[in-house]
Amino acid sequence: MAATAVTNEIRRLRFERGEMTQQALADACGVTRQTIIALEAGRYAPSLELAFRIADALGARIEEVFQWSRKQ
């Protein structure tokens, strides 16, 4: 599966927020742990709603969590 143009800092932010587990983040966002694993690995980009939920759960601005780069 190809990587997405959306990258993220979820893993780093989880650890900066008291070593939040993937499961705790998943529970806070209403998704499965497998979804968080796939996002952290860059296997897919989240929906806009999920991106906002993740940022909120991490206490961060959405642009701190997610970055987008135009593919050439």
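Figured I'd write up the structure that's included with this text. Predicted, not measured: the structure shown is a model, and the values here were computed from it.

Rules used in this analysis
Residues numbered from 1 in each chain as written. Predicted model: local features only at pLDDT ≥ 70, side-chain atom pairs only at ≥ 80, totals over all residues. Heavy atoms only, no water. Salt bridge = Lys/Arg side-chain N within 4 Å of Asp/Glu carboxyl O. Buried < 20%, exposed > 50% of the residue type's maximum accessible area, 1.4 Å probe, protein only. Helix = DSSP H or I, 4+ residues; strand = E, 2+ residues; numbered from the N terminus. Arc of directions from axis to C-beta. Contact = heavy atoms within 4.5 Å.

### What about the pattern of salt bridges?
- The full count for this structure, using the stated rule, is seven salt bridges.
- Here R17 makes a salt bridge to E16, at a shortest N to O gap of 3.4 Å.
- Between E64 and R61 there is a salt bridge, with its nearest N and O atoms 3.8 Å apart.
- What makes E64 partly exposed here is its relative accessible area of 30%.
- Sharing partners across several salt bridges, the network here consists of E9, R12, E16 and R17.

### Some details on helix α2 (residues 22–29)
- Listed as buried for α2 are Q22, L25, A26 and C29. Taken around the axis of α2, the buried residues stretch over an arc of 100°, which confines them to a single face. Turned more than 90 degrees away from the buried face of α2 sit D27 and A28, all of them exposed.
- Elements that come into contact with the buried residues of α2 comprise α1 (10–16), α3 (33–40) and α4 (48–58).
- Backbone geometry just downstream of α2 places G30 in the positive-phi region, at approximately 75°.

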